[in-house]
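Chain and residue survey
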Amino acid sequence: MNKTFSSLLLLTVLLLSACTSSPQKSSANYVVGLEERKKITLPIDERTYYLSRSIFQFERNGTEFLHFENSEKGQSEIVIFNIENQKIAQRIQLANSGPNAIYDIWGSIPYGDSDIIVFQNNAGIITITNNMGHVLKNFTPVLSNGHSMRTVVGSYYYNPPLIIDSLVYTSQELIKSGLVKKEDWNKVHMFASMDLRTGETTYSSLFYPSIFENDVRDPAGGYSFTYDYNYKDKCLVCSFQGYDSLMVSSDFKTVKWYNGRSSYLPSLHPVLPESSDDIHALIRLREAPKYSHIMYDKYRDVYYRFAEHPYELSPDESPYVEPNGREFSVIVFNDQFKIIGETKFPGNKYFYKMSFVGRDGLYISENNEANPEFDENKLVFACFGLKDLE
């Protein structure tokens, strides 16, 4: 669907060993399913692209808003939508020159009462701006080993920045060369943090788990994960793309594992990707089942895990572009990480990488280019609530 993100996908997604018109519940013995409750339509104009790296719901003064980063078509701005009246509440233009310049946006999030944190990828800078786009602070976080702290965040692959007690946490890429042995994984940090008051940085004590069967070359190509944080219970949950189980930590140090397997997918275990330069390997990557977003719903105290179903590219589909027609399902977990439901969604209608949690439910974008009702001049989200099946 989106060529803009295809190169990043190749670096992060691992190779793992007839569409309906509405979501379907799994036949497993589940107690809840997802049911569409309503749609919202948000207006955009010719300068606003309908896909975004970072969309995050937030509330201020009792009103529900959507933070929408518009940085894909030469723009550099944040659009704030009022979810309730479905109108633009504010546009925040970010400068590309001068004292307030922000050069390379790769993720942003609302912060505090009215500010925004912007992550500049190539520059390795974390910036705090006010709601007028004026820079309040710039940080260039460098870790104890001399490496720059990773500043690639967002909702597209669901790697949001986590703000915990004035610290901002981001996931860290695996940048190693040569053979990585299984016993080395407990030396590779998953997260690092920076103090938003002082700029001081530190690695977390949470390390990558050894979930490969064998020693692995080029781990940057095969260990991608998404994550979210339950601020109420102080709980981090991680979903590895090629692993059935969820990894949960309450202290960024110790972990517990919970069954997270989709009833629609075979059991998955990470395997070594073949060369991404091999077109046949790339095709297999596009077609293989995998897990993606893990999202916490603070309003209903549940978690959602997205599962991409096996897919076969048609002869006219390019493996360099994410397929529009892939079916997916959303697994629902209760607050004890027990699976309580799973709902299947059709291909050619939704674009789940544009999803967010709101007061009324889980919102999933319908801005899929293969959707017969697709319109690039508006953002359309279907809102799904939990329905008891018993």
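Residues numbered from 1 in each chain as written. Predicted model: local features only at pLDDT ≥ 70, side-chain atom pairs only at ≥ 80, totals over all residues. Heavy atoms only, no water.

We now examine helix H2 (residues 279–287). Those residues of H2 that sit buried are Ala281, Leu282, Leu285 and Arg286. In a view along the axis of H2, the buried residues occupy a sector of 140°, so they form one face of it. (Buried < 20%, exposed > 50% of the residue type's maximum accessible area, 1.4 Å probe, protein only. Helix = DSSP H or I, 4+ residues; strand = E, 2+ residues; numbered from the N terminus. Arc of directions from axis to C-beta.)

Our focus in this paragraph is the sheet that holds strand E5 (residues 77–82). Read across the sheet, four strands follow the order E3-E4-E5-E6 without closing on themselves; strand pairing throughout is antiparallel. Sheet topology places strand E3 (55–60) and strand E6 (87–93) at the edges, where each strand pairs with a single neighbour. Averaged over all pairs of adjacent strands, the angle between their axes in this sheet comes to 25°, without regard to strand direction. (Pairing = 2+ DSSP bridges. Axes fitted to C-alpha atoms, helices over the stretch in contact; angles between N-to-C directions.)

Tallied over the entire structure, the rule returns 30 aromatic pairs. Between Tyr208 and Phe225 the ring centres are 5.8 Å apart and the planes differ by 80°, which places this aromatic pair in the edge-to-face class. Separated by 17 residues along the polypeptide, Tyr208 in the loop between strand E15 (201–203) and strand E16 (216–217) and Phe225 in strand E17 (residues 225–230) bring together distant segments of the chain. Overall, Phe225 belongs to the buried group, its relative accessible area being 9%. Centre to centre, the rings of Phe356 and Tyr363 are 4.5 Å apart; their planes meet at 5°, and the pair counts as stacked. Residue Tyr363 is classed as buried on the basis of its relative accessible area, which comes to 0%. (Phe/Tyr/Trp six-rings, centres within 6.5 Å; stacked < 30°, edge-to-face > 60°.)

For strand E21 (residues 290–297), the tally of buried residues reaches eight of eight residues, placing the bulk of the element in the interior. Judged from the six bridges that link them, E21 and strand E22 (residues 302–308) form a sheet pairing that is antiparallel. Bridged to Lys290 within E22 is Glu308. The loop that links E21 with its antiparallel partner E22 comprises four residues; one of these, Asp301, has a positive phi angle of about 55°.

A few words on the pairing of strand E25 (residues 351–358). Within E25, eight of the eight residues are buried, leaving the element largely enclosed by the surrounding structure. With five bridges joining them, E25 and strand E26 (residues 361–365) adopt antiparallel strand pairing. Paired with Val357 across the two strands is Leu362, which belongs to E26. Counting the residues in the hairpin turn of E25 and E26 gives two residues.

It is worth spelling out the side chain of Asp228 at this point. Relative to the helices and strands, Asp228 resides in strand E17. Of the buried charged residues, Asp228 lacks a salt bridge, with Lys298 as the closest side chain of opposite charge at 10 Å. Within the structure, the side chain of Asp228 is placed 2.8 Å from the backbone nitrogen of Tyr296, a separation counted as a polar contact. In contact with Asp228, not counting residues within four places along its chain, are Tyr158, Pro160, Cys235, Leu236, Val237, Ile294, Met295 and Tyr296. (Lys, Arg positive; Asp, Glu negative; His and termini not counted. Salt bridge = Lys/Arg side-chain N within 4 Å of Asp/Glu carboxyl O. Polar contact = N/O pair within 3.5 Å; in protein donor to acceptor, adjacent residues only side chain to side chain. Contact = heavy atoms within 4.5 Å.)

Attention now moves to the nonpolar core. In this structure, Tyr304, Phe306, Leu362 and Ile364 are the most contacted members of the largest nonpolar core, which totals 34 residues. In contact with Phe306, other than residues within four places in its own chain, are Lys290, Tyr291, Ser292, His293, Met295, Phe328, Ser329, Val330, Tyr352, Ser355, Leu362 and Ile364. In terms of nonpolar packing, the next biggest core, distinct from the first, is built from 21 residues, Ile40, Tyr49, Phe81 and Tyr157 among them. (Core = buried A, V, L, I, M, F, W, Y, C linked by side-chain atoms within 4.5 Å.)

With respect to the helices and strands, Ser365 occurs in strand E26. A distance of 2.9 Å separates a polar side-chain atom of Ser365 from the backbone nitrogen of Asn367. Those residues in contact with Ser365 that lie beyond four places of it in its chain are Lys349, Tyr350, Phe351, Met354, Val380 and Phe381.

Overall, antiparallel pairing links the four strands, which are arranged E2-E27-E26-E25 in an open sheet. The open sheet has two edge strands with one neighbour each: strand E2 (32–43) and E25. Taking the axes of each pair of neighbouring strands and ignoring which way they run, one obtains an average angle of 30° across the sheet.

A few words now on the pattern of salt bridges. If you walk through the whole model with that rule in mind, you get 19 salt bridges. Across the pair Lys39 and Glu366 runs a salt bridge whose closest N-O atoms are separated by 3.4 Å. Pair noted here: Lys39 is in strand E2 and Glu366 is in the loop between E26 and strand E27 (378–388), with a separation of 327 residues, a long-range link. On the accessibility criterion, Lys39 (37% relative accessible area) is partly exposed.

What follows deals with the confidence of the model for the protein. Confidence in the prediction of the protein, expressed as mean pLDDT, is 86, and 85% of residues score 70 or more. Confidence drops under a pLDDT of 50 for residues 1–21, and excluding neighbours within four residues, the segment shows 70 contacts in the predicted structure. The model gives residues 218–222 a pLDDT under 50, and that stretch makes 14 contacts with residues more than four places away or in other chains. (pLDDT = per-residue confidence, 0-100.)

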